[in-house]
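# Architecture at a glance
What follows is each chain in one-letter form.
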Amino acid sequence: MTTTLQSYVQGAWHAGTGEGRPLYNATTEEPMATVNSDGIDFGAVLDHARSVGGPALRAMSFAERGAMLKALSGAIHEHREELLDLSVANTGTTRKDGKFDIDGATGTLAAYSYFAKELPDTPFIADGDGIQLGRTARFWGQHIWVPRHGAAVHINAFNFPAWNMMEKAACALLAGVPVIEKPGTPTAMVAWRIAQITVESGILPEGAYQFIAGSTGDLLDKMGPQDVLAFTGSSWTAAKLRSNENCIRNSVHMNIEADSLNAAVLAPDAEEGSEAWNLFLRNVALDIRQKTGQKCTAVRRVLVPSERMDDVRGEIEAQLAAVVTGDPVDSATTMGPLASASQLRDVRAGIEKLSGAGKLVCGGAEQVHDKGYFVAPTLIEAADADADAFHADEVFGPCASLLPYDGSAEEAARIVARGEGSLIGSVYSNDSAWVESAVLAMAPWHGRLWVGSDKMAEQSIPPGTVLPAMIHGGPGRAGGGEELGGIRGLADYMQRTAVQGFKGQVHGSFGASAPATATT
Ligand code: NAP
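Because the structure is predicted, anything quoted here is derived from the model rather than measured.

## Focus on the domain arrangement of the protein chain
Put simply, an interface is often sized by how much accessible area is lost when its parts join up. Segmenting the protein chain into domains produces domain 1 (3-258 + 481-510) and domain 2 (262-468). A separation of 31 Å is found between the C-alpha centroids of domain 1 and domain 2. In total, domain 1 and domain 2 occlude about 2200 Å² of area from one another, counting both sides; carbon and sulfur atoms represent 60% of this. Counting the contacts that link domain 1 with domain 2 gives one salt bridge. The salt bridge partner of aspartate 97 is arginine 289, with a shortest N-O separation of 3.4 Å. Counting every contact that joins domain 1 to domain 2 gives nine residue pairs in polar contact (both at pLDDT 80 or more). Contributing elements (two or more residues each) for the side of domain 1 that touches domain 2: helix 3 (80-91) and helix 4 (95-115).

Below, the structure is given as structure tokens:
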């Protein structure tokens, strides 16, 4: 029997009035649930957030909202085992990889409750020091951040149903802005169960959290100038959302997190057997296998000095040969299926295209088991690192390409930039001069750079892990957005305003150390 996933809108659960779109068990291909949002009045959903949720959140201090996030993190964590089971069945992830999503969600909520401690006891955040604008200090200016009086619409990708929802919600709720969450449909069961837990916990004020199972209908056509749209998904969908006429007319603030052809670069100095070398191999193999390669931060292009290609190829191939593909319920399995039939179709087509441009080292486009959306971990080697296919499309599965380069930081950066903007780039080197050149040349094309070396290997958290304290996003193909980064992550949900006037008033009320006397 399948479950009907309901939406939570205007303070009540709502089952769509139309025919449901099915979700499947990624291993058995059996239907698990349906979603349908027909009959929802999306204008009323936005109004509910703006008129009920927004004022309730803004009546709370940053510290109170931080405490609310901590409580929510705890409430979701209590259901960890159940959520991991659901994650295994609906997303096809192994239990270990499922923790990445579920613990990522609760961990990010907890992190934002901690970041709230840095925030003032005022309904605004002072941005830097005040500035003398007149001949004397009498005429003064100060920048402040205030919460937007709209709704935050969050459209999320299928690959991290828990984390993607809660990393966005943590920033918006702490800023004082109510959220409307829409998960990717193929894995919506995990997000829906978290929505139930969130609503039943009663931790968030009414109107602060609404949840859409299924299509967002005409929601974007109803968004207004104080609303925010934060999207994670493919660049194709992003382009469609960006061109919404109503959003353009109302200058709806958008943050887009899209595709990325992330690169890992091995420098010539990282000697075989060194910590940096081992870290490089381990991280590349992990990114290909973990969550069956369905991580926006997973490495897709691996740059290796030409003369070291043989060693690297052999080592990665050996690590991928140890991957056990199968039913993620089985504890021996280290890589489950892709999340959906359409994912399987897209990944197989992508592998075929890359194989046509290079040499298949291992894996391939064939479906691995009779049932379920399985492919093998795949490595493809390019003879020519500049062949267009390796820089054109993200294959969102367990697949990466090996690209030879001449060993110089400048040449590596040039090849990496052909990806036209990435979320994360990693380099592996103990040579500080090489690293400095690579970082400066790669930085304009990246939201985040990760430098692997002997000295940090023991403590490092892999580059594919997004940390709440560091920004997540990237230019160009990656969407041009920026999320997280500690309290920087609140910026999408707040308006920065320059206040100019008599210093006694401006500095007195809005200076960095101002007392909590200003009103919302
Ligand atoms: P997708 O097909 O673009 O869908 C993303 C979200 O947009 C889903 O919730 C989808 O809903 C919704 N959507 C699709 N068309 C829409 C429309 N016309 N109006 C409103 N919403 C619409 O992407 P996906 O397959 O879920 O995710 C995979 C992609 O996400 C990959 O390309 C990956 O690189 C990217 N990604 C990026 C990041 C990042 O942080 N940069 C993180 C994770 C994933 P339905 O599912 O109901 O169609």
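## Points about helix 3
Think of an α-helix as turning once every 3.6 residues; residues three or four places apart then point the same way. Over its 12 residues, helix 3 runs 15 Å from end to end, which matches the ideal 16 Å to within 8%, given 1.5 Å per residue. Those residues of helix 3 not exposed but buried are Arg80, Leu83, Leu84, Leu86, Ser87, Val88, Asn90 and Thr91.

## Structural notes on the sheet that holds strand 13 (residues 262-266)
With mixed pairing, seven strands are arranged side by side in an open sheet as 15-16-17-14-13-18-19. Edge positions in the sheet fall to strand 15 (359-362) and strand 19 (446-452), since each has one partner strand and no second. Strand after strand, the sheet turns through a mean of 25 degrees between neighbouring axes, direction not considered. Summarising the sheet, strand 16 (residues 378-381) and strand 17 (residues 399-405) pair through four bridges and their orientation is parallel. Note on strand 17: the bridge partner recorded for glutamate 381 is leucine 402. Sheet strands touched by helix 9 (residues 275-289): strand 13, strand 14 (299-305), strand 16, strand 17, strand 18 (422-428) and strand 19. Its angle to strand 14, the strand with the most contacts, is close to 150 degrees. Along the sheet face, helix 10 (residues 309-321) touches strand 13, strand 14, strand 15, strand 16 and strand 17 and points at about 170 degrees away from the line of strand 17.

## A few points about the pattern of salt bridges
According to the stated counting rule, one finds 20 salt bridges in the structure shown. Taking the shortest distance from any N to any O, the salt bridge between glutamate 81 and arginine 80 comes out at 3.8 Å. Classification of glutamate 81 by relative accessible area gives partly exposed; the value is 44%. Residues arginine 418 and aspartate 386 are paired through a salt bridge, measuring 3.2 Å at the closest nitrogen-oxygen approach. Note that arginine 418 is positioned in the loop between helix 13 (409-417) and strand 18 and aspartate 386 in the loop between strand 16 and helix 12 (389-392), a separation of 32 residues in sequence. Counted as one network, the salt bridges with shared partners bring together Arg80, Glu81, Asp85, Arg95 and Asp103.

## Remarks on the site of the ligand
Contacts to the ligand come from 27 residues, most closely from Asn156, Thr185, Ser234, Thr237 and His472. At a separation of 2.9 Å, an oxygen atom of the ligand approaches a polar side-chain atom of lysine 182. For the ligand, the protein covers 82% of the area, taking 900 Å² as the surface of the free molecule. Going through the elements one at a time, strand 11 (228-232) and helix 7 (235-242) are the ones with two or more residues in the shell around the ligand. Sort the elements by how many residues they give to the shell around the ligand and helix 7 lands first, with three residues. Among the residues making up the shell around the ligand, the classes are represented as 11 nonpolar, 10 polar and six charged. Taken domain by domain, the makeup of the shell around the ligand includes at least three residues from each of domain 1 (3-258 + 481-510) and domain 2 (262-468).

Quick notes on the rules
Residues numbered from 1 in each chain as written. Predicted model: local features only at pLDDT ≥ 70, side-chain atom pairs only at ≥ 80, totals over all residues. Heavy atoms only, no water. Domains from an automatic or database assignment. Buried area = accessible area lost by both parts, 1.4 Å probe. Salt bridge = Lys/Arg side-chain N within 4 Å of Asp/Glu carboxyl O. Polar contact = N/O pair within 3.5 Å; in protein donor to acceptor, adjacent residues only side chain to side chain. Helix = DSSP H or I, 4+ residues; strand = E, 2+ residues; numbered from the N terminus. Expected span 1.5 Å × (residues − 1). Buried < 20%, exposed > 50% of the residue type's maximum accessible area, 1.4 Å probe, protein only. Pairing = 2+ DSSP bridges. Axes fitted to C-alpha atoms, helices over the stretch in contact; angles between N-to-C directions. Contact = heavy atoms within 4.5 Å. Near = heavy atom within 4 Å. Areas by Shrake-Rupley, 256 points an atom, 1.4 Å probe, with all protein chains shown as cover. Nonpolar A, V, L, I, M, F, W, Y, C, P; charged D, E, K, R; others polar.

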